[in-house]
Amino acid sequence: MPASRPSAPVPERRGRLLGSLAVLLLLAGLAAWSVLALQPPAPAPADAPATAFSAARAGVTVEEIAGEVHLTGSDAHARVVDGLVAQLTALGLDTRVQNAVGTGQAGPGETEMARLRNVVAVLPGTASTGRLFLVAHTDSVETGPGAADDAAGVAALLETVRALTAGEPLRNDVVVVLTDAEEACLCGAEAFAASHPLAAQGGVVLNLEARGTSGPPIAFETSRGNAALAERYAAAVPHPVASSFAVEVYRTLPNDTDLSVLLADGGFTGVNTAFIDGSAAYHTPQDTPSRLDRRTLQALGDNTLALTRELGGADLAALARPAPDDATYFPLPTGLARYPGSLIWPLAAAAVLGVVLLAAVDRRRGSSLPRTLLGTAAALVPLVLAPLAVGGLWRLLALVRPGYAGMTDPWRPGWFRLAAVALVAVVVLAWYALLRRRLGEAALRTGALAVLAVLAAVLAGLAPGGSYLAALPVLAGVLAGLLPARVALLGGAVAGAVAVVVLAPTVALFFPALGLAGAAAPAAVVALLLLALLPVLEGLFPAGPAPWRTLAVPAAAAGLALLLTAAGLAVDRFDQQHPVPSRLAYALEADTGEAWWFSTEARPGEEAARYVGTPRTLPHDYPYVRGVPVAAGPAEDAGLTPSTVEVLEDRRTGDERTVTVRVTPQRAVGFVVLDLDTGGGRVVAARAEARDVPAGAVGEDRLWLTFHAPPEQGLEATVTVAGGGPLRLRVVDGSTGLDGLPGFEPRPPTVDTAGSHTADLVVVGATTDLG
Ligand SMILES: [Zn+2]
């Protein structure tokens, strides 16, 4: 090949454009296949074989559980628990209720606890090597019936157990753990891990969760050292949707589930599965049985049943210990791709070396090293601009339709997601149109691969399970770049196919995971994908100088983005089944009669704005908004009776004083907060309902204890204080529902309560001087 030739021979123009369009069409088809392959299957009917999982059968259980809100400690929850005990017992399982007090996360001077009822049922194995725990939670939030979260998980476990009892017995013991107080404080899992005898030896956990009402169940979290579990998952599960990148992302997030509590306890390994699309209904009154996608339930059940059978026959003693490393895995249209963690660094290093080699070849072909470096710097531009543009799109939509301001994802986000992808294309194509003649095709292509290669290495160090996202497209892109120019389009097509297969599912899973409000992240992945496709996109542009034809390419993408946005606005309108979420709460300080409306909406929407004004910090502490500025406004004294405080014992020994009180709510509340001010002393120890307050919460001069589901006859709490002055105990109790409060007007039908702890919350505080 003549080294001096400045650029490759140019094929005839029309052929070049058509070839590029044809390849892009094929790649779009491949992307669609990659994304559609993630989608769950058709639900199996009620008369499906007894040993199979049927979403129709499980759906009946969802309807039984999620007919109404069933908050921890409520009568509705008690009925749910009793029903589950009856069903599991009828299936032949040794089923018991663990009545316990669980504790939640503890910080200095602050913790949560709950009185709860876990359901624990055992399906004994024939020659058990350990225990397999199937976990889901029975409680709902205050504001919704929890059909998806987590009646679907509970129902999937029940139908799984039913299918198991219809077949050959498994080798290993299967323990069904239906936890309580997950929504409040993950206290049910804590109580199980801390004090249930079956938890003592640990084991392998499959936890089922939801953060939406549809979409594929994703194995998004694992214990550390997941290689052996990932192997079993890949081998057994019929609808595998799992990504080691998701595992890395989740590890950096503050979110927790029951599995986090069990893993933190030690002795357990496990996999966490959740479905997350349709998140507008999450934790709201709209999380109803009819909205739960039965296809999602089928996939959840198929996977759980298959994995239970797989692990039910495995050596659990080995699987309950972490493997030496985390595997890399991701969904392909045909199954789960998987390779060992030991390959992550070699692949990242090969990507970096490959780009260096390609840069050297580019130089021989007429480009130069400075050009490649400029191309590398230039490739960062769309990676910054595309997320900004997509973030701007959501802000713009919230201006056009103010109801979006309080949502992370709209009810029907599909068209908007496509619009976001098109908008990223506008950015990348405009950027490329401006630079391709200045820097040259090769420098931009190799520069883009250089950025990806650096990303592969950075991820290999910081989030190893995500390194594949960059490393594999780079390796394919380098190989394609080394091919002679006459087969450049073919090489670009093959490398593009690798990039699409690796990156498209990540985009598809990222959108529901973060919502349109967080679409900057999937936008960055789309930008990476389009950068990897530059050799194919090049064919869209004229071979010679033709500014208008050049501009037409990003302009066409812009037109598409506009059309898709308009389609989104037309399709996604607020109505009774798709309401605007509103967060409004009421606080009353009973001693003084001061009362406030407050809202945790950053910019209160039309409905909340009728009650609240400018942000301020309330003059007293209330749960969920301690020290946090909230939009607030004056309210009338509703005359609600605060919890009573009765001193049962007050004892002094030396410098220490131990006080036992009974706190009795005077209305139906979900929780009480005991806020003890020691007057400069130090809380040495504390107990509530015969359970020690976690050590992490004592030792300060103040104790803020939130206790969920307090006994009707009163909560008994004891605190020992060293030093200090007179003790003041402020009690705040909380219920849900604003109806009947003076000044509250029923909402219009297209507005409903948001899925949040501070939506429809009513808190009443009062202070008792203990002397
Ligand atoms: Zn949940």
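Procedures and definitions
Within every chain, residues take consecutive numbers counted from 1 along the sequence as written. Under the rules for a predicted model, residues below a pLDDT of 70 receive no local features and side-chain atom pairs below 80 are neither given nor counted, while totals for whole chains, interfaces and linings still include all residues. Side-chain metrics in this entry use all non-hydrogen atoms of the structure; hydrogen atoms and water are not considered. One requirement defines pairing of two strands: DSSP has to find at least two bridges between them. Note on conventions: DSSP H or I runs of at least 4 residues are helices, E runs of at least 2 residues are strands, and numbering of each starts at the N terminus. Keep in mind that water is not among the atoms, so a site may look incomplete; donors are the N, O and S atoms within 2.8 Å of the metal, or 3.2 Å for Na, K and Ca. Under the classification used here, a metal with four donors is tetrahedral if each angle lies between 85 and 135 degrees, square planar if opposite donors are over 155 degrees apart and the others between 65 and 115, a six-donor metal meeting that same test is octahedral, and anything else is irregular. Using a grid of 1 Å spacing that covers the protein atoms alone, one calls a set of points a cavity when a 1.4 Å probe fits there but cannot get out, and a pocket when the set is open and has protein on both sides within 12 Å along at least five of seven lines; lining residues are those with an atom within 4 Å of a point. Grid points are joined across faces, edges and corners, and a volume is the space filled by probe spheres set on the points. Three classes are used: nonpolar for Ala, Val, Leu, Ile, Met, Phe, Trp, Tyr, Cys and Pro, charged for Asp, Glu, Lys and Arg, and polar for all others, with Gly counted as polar. Residue burial is assigned from relative accessible area. The probe radius is 1.4 Å, only protein chains are included, and a residue is buried under 20% of its type maximum, exposed over 50%, and partly exposed in between. Charged residues are defined narrowly, with Lys and Arg counted positive, Asp and Glu counted negative, and His plus the chain ends left uncounted. Salt bridge, as applied in this entry: a Lys or Arg side-chain nitrogen positioned within 4 Å of an Asp or Glu carboxyl oxygen. Definition of a polar contact: a pair of N or O atoms within 3.5 Å, with one able to donate and the other able to accept a hydrogen when the atoms are protein atoms, and with sequence-neighbouring residues admitted only if both atoms are side-chain atoms. Take the buried Ala, Val, Leu, Ile, Met, Phe, Trp, Tyr and Cys residues and link them wherever side-chain atoms come within 4.5 Å; each set so joined is a nonpolar core. In this description, contact between two residues means that some pair of their heavy atoms is separated by no more than 4.5 Å. Like charges within 9 Å and nonpolar side chains (Val, Leu, Ile, Met, Phe, Trp, Tyr) within 5 Å are joined into patches, using only residues over 30% in relative accessible area that form no salt bridge. With residues, only the protein chains shown are counted as cover, and all accessible areas are computed by Shrake-Rupley using a 1.4 Å probe. pLDDT expresses how confident the predictor is about each individual residue, on a scale running from 0 to 100. Planes of paired rings set the category: under 30 degrees apart is stacked, over 60 is edge-to-face and the rest tilted, where pairs are Phe, Tyr or Trp rings (Trp by its six-membered ring) whose centres lie within 6.5 Å. Only the stretch in contact is used when fitting a helix axis, every axis being a line fitted to C-alpha atoms; angles between N-to-C directions are given from 0 to 180 degrees. Working definition: roughly parallel below 35 degrees, roughly antiparallel above 145 degrees, roughly perpendicular at 65 to 115 degrees, and oblique for all remaining angles.

**Considerations on the pairing of strand 15 (residues 644-653)**
Note: strand 15 against strand 16 (residues 656-664), 9 bridges, orientation antiparallel. Note on strand 16: the bridge partner recorded for valine 647 is valine 661. Here strand 15 folds back onto strand 16 in antiparallel fashion, the turn holding 2 residues, of which glycine 654 has a positive phi close to 60°.

**A word on the coordination of the zinc ion**
Taken together, the protein ligands of the zinc ion are His137 (NE2), Asp149 (OD), Glu209 (OE) and Glu209 (OE), with distances of 1.9 to 2.7 Å. Its 4 donor atoms give the zinc ion angles of 51 to 145° at the centre, a pattern that matches the irregular case. Look at where the donors of the zinc ion fall in the sequence and you get H-x11-D-x59-E. Note that aspartate 149 is positioned in helix 4 (residues 147-165) and glutamate 209 in strand 5 (residues 203-210), a separation of 60 residues in sequence.

**Examining empty space enclosed by the protein**
Over the atoms a probe the size of a water molecule is rolled, and this reveals where empty space is left. Following the criterion strictly, the structure yields 6 cavities of 30 Å³ or more and no others. Looking at the largest cavity, its volume works out to about 130 Å³. Taken together, 13 residues line the largest cavity, and the ones lying closest to its centre are Val661, Leu674, Ala717, Val719 and Leu729. Partitioning the lining of the largest cavity into residue classes produces 11 nonpolar, 1 polar and 1 charged. As a volume, the second largest cavity reaches approximately 100 Å³. Leu71, Glu142, Ala184, Gly670 and His708 are, among the 13 residues lining the second largest cavity, the residues nearest its centre. Grouping the constituent residues of the lining of the second largest cavity by class yields 5 nonpolar, 5 polar and 3 charged.

**Remarks on the side chain of aspartate 139**
Assignment of secondary structure puts aspartate 139 in the loop between strand 3 (131-137) and helix 4. One buried charged residue, aspartate 139, forms no salt bridge at all, with the nearest opposite charge on arginine 117 at 12 Å. A polar atom in the side chain of aspartate 139 sits 2.9 Å from the backbone nitrogen of glutamate 183.

**Examining the nonpolar core**
Membership of the largest hydrophobic core comes to 89 residues, with the highest contact counts inside it found for Tyr404, Val424, Trp431, Leu444, Tyr468 and Leu534. For this core, the leading source of residues is helix 14 (residues 414-439), giving 14 residues. Beyond its immediate sequence surroundings of up to four residues, tyrosine 404 is in contact with Trp394, Leu397, Ala398, Pro410, Phe416, Leu569, Asp572 and Phe574. Grouped together as the second largest cluster of nonpolar side chains are 63 residues, Phe53, Ala147, Val247 and Leu300 included.

**Some thoughts on the sheet that holds strand 21 (residues 715-722)**
What links the strands of a sheet is backbone hydrogen bonding, and the strands pair in either a parallel or an antiparallel sense. Read from one edge to the other, the open sheet built from 5 strands follows the order 15-16-21-18-19, with strand pairing classed as antiparallel. Whereas interior strands pair on both sides, the edge strands pair on one side only; in this sheet they are strand 15 and strand 19 (691-692).

**What about a nonpolar patch on the surface?**
Together, Val381, Val384, Leu385 and Leu388 make up an exposed nonpolar region whose accessible area comes to about 350 Å². Here valine 381 is to be found in helix 13 (residues 369-400).

**Some details on the confidence of the model for the protein**
Mean pLDDT for the protein: 95, with 98% of residues reaching 70 or above. Of the regions scoring below 50 in pLDDT, residues 1-11 engages in 12 contacts with residues more than four places distant in sequence or in other chains.

**What about unusual backbone geometry?**
Here the amide bond leading from aspartate 149 into aspartate 150 is cis, since omega sits at 10°, within 30 degrees of zero. Note on placement: aspartate 150 falls in helix 4. Even without being a glycine, alanine 181 presents a positive backbone phi close to 55°. With respect to the helices and strands, the residue alanine 181 is situated in the loop between strand 4 (173-179) and helix 5 (182-185). We classify alanine 181 as buried; its relative accessible area is 0%. Residue tyrosine 624 is not a glycine yet carries a positive backbone phi of 75°. With respect to the helices and strands, the residue tyrosine 624 is situated in the loop between strand 13 (615-616) and strand 14 (630-634).

**Focus: the side chain of glutamate 190**
Within the fold, glutamate 190 resides in helix 6 (residues 187-195). Within the structure, the side chain of glutamate 190 is placed 3.0 Å from the backbone nitrogen of threonine 103, a separation counted as a polar contact. Excluding its chain neighbours within four sequence positions, the residues that come into contact with glutamate 190 are Gly102, Thr103, Val261 and Arg691.

**Quick word on the packing of aromatic side chains**
Throughout the structure, instances matching the rule amount to 16 aromatic pairs. Both rings, one in phenylalanine 133 and one in phenylalanine 192, keep their centres 5.8 Å apart while their planes meet at 75°; by these two values the pair is edge-to-face. One end of the pair, phenylalanine 133, is in strand 3; the other, phenylalanine 192, is in helix 6, with 59 residues separating them in the sequence. In terms of burial, phenylalanine 133 and phenylalanine 192 fall into one category: buried. An angle of 40° between the planes, with centres 6.2 Å apart, marks the rings of tryptophan 431 and tyrosine 432 as tilted.

**A few points about the pattern of salt bridges**
For the structure shown, the criterion picks out 32 salt bridges. A salt bridge links arginine 610 to glutamate 745; the shortest N-O distance between them is 2.8 Å. Taken together, the residues arginine 610 in the loop between strand 12 (594-599) and strand 13 and glutamate 745 in the loop between strand 22 (728-736) and strand 23 (751-753) connect sequence positions 135 residues apart. Relative accessible area serves as the criterion here: at 42%, arginine 610 is assigned to the partly exposed category. For aspartate 733, the salt bridge identified is with arginine 667, shortest N-O distance 3.0 Å. Placement of aspartate 733 in strand 22 and of arginine 667 in the loop between strand 16 and strand 17 (671-677) is noted, with a sequence separation of 66 residues between them.

**What about the packing of helix 2 (residues 55-65) against helix 10 (residues 294-312)?**
Interhelical geometry of helix 2 versus helix 10 gives an angle of 110° and a closest axis separation of 9 Å. Considering the angle they form, helix 2 stands roughly perpendicular to helix 10. Contact with helix 2, carried on its side by Ala55, Ala58, Gly59, Val62 and Glu63, involves Arg294, Leu297 and Gln298 of helix 10 and no other residues of that element.

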